[in-house]
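Listed here are the chains, written in short residue letters.
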Amino acid sequence: MRLSTRNQLDGTVVSVTRGEAMAVVRVRLTGGDEITSSITRDAVDDLRLGEGSAVKVLIKSTEVTLGIE
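Bear in mind the structure is a predicted one, so any value in this text is a computation, not a measurement.

Draft legend 1. Region of the structure containing the sheet that holds strand β4 (residues 54-60). Strand order in the open sheet formed by five strands is β3-β2-β1-β4-β5, and the pairing between neighbours is antiparallel. Pairing within the sheet leaves two strands with one partner each, and these edge strands are β3 (34-40) and β5 (63-67). Going from strand to strand, the sheet's axes swing by 45 degrees on average, the running direction of each strand aside. One ladder, built from five bridges, connects β4 with β5; its direction is antiparallel. Paired with Lys 56 across the bridge in β5 is Gly 67.

Structure follows, in structure tokens:
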């Protein structure tokens, strides 16, 4: 996958907390820091995210998104 987003950080999902429509995904970055992203529950299901999933955290000035390969 090639993207224009320049801020791409590797990490591992630590937890997924599901709400009614959204989910909060907590990710531990390679250096040990943690970051959270709020995404839809459908996106969590589509990406098959769960504890231990390897993800790439993509950061834009207006949003934080997750991607997998």
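Here the narrative resumes, following the displayed structure.
Draft legend 2. Main features of the pattern of salt bridges. Throughout the structure, instances matching the rule amount to four salt bridges. Its salt-bridge partner being Asp 10, residue Lys 56 comes within 2.7 Å of it at the nearest N-O pair. Remark: Asp 10 occurs in strand β1 (residues 7-18) and Lys 56 occurs in strand β4; sequence separation between them is 46 residues. The exposure class of Lys 56 is partly exposed, given its relative accessible area of 24%. In this structure, Glu 34 engages Arg 26 in a salt bridge whose closest nitrogen and oxygen atoms are separated by 3.4 Å.

Basis of the calculations
- Residues numbered from 1 in each chain as written.
- Predicted model: local features only at pLDDT ≥ 70, side-chain atom pairs only at ≥ 80, totals over all residues.
- Heavy atoms only, no water.
- Pairing = 2+ DSSP bridges.
- Helix = DSSP H or I, 4+ residues; strand = E, 2+ residues; numbered from the N terminus.
- Axes fitted to C-alpha atoms, helices over the stretch in contact; angles between N-to-C directions.
- Salt bridge = Lys/Arg side-chain N within 4 Å of Asp/Glu carboxyl O.
- Buried < 20%, exposed > 50% of the residue type's maximum accessible area, 1.4 Å probe, protein only.

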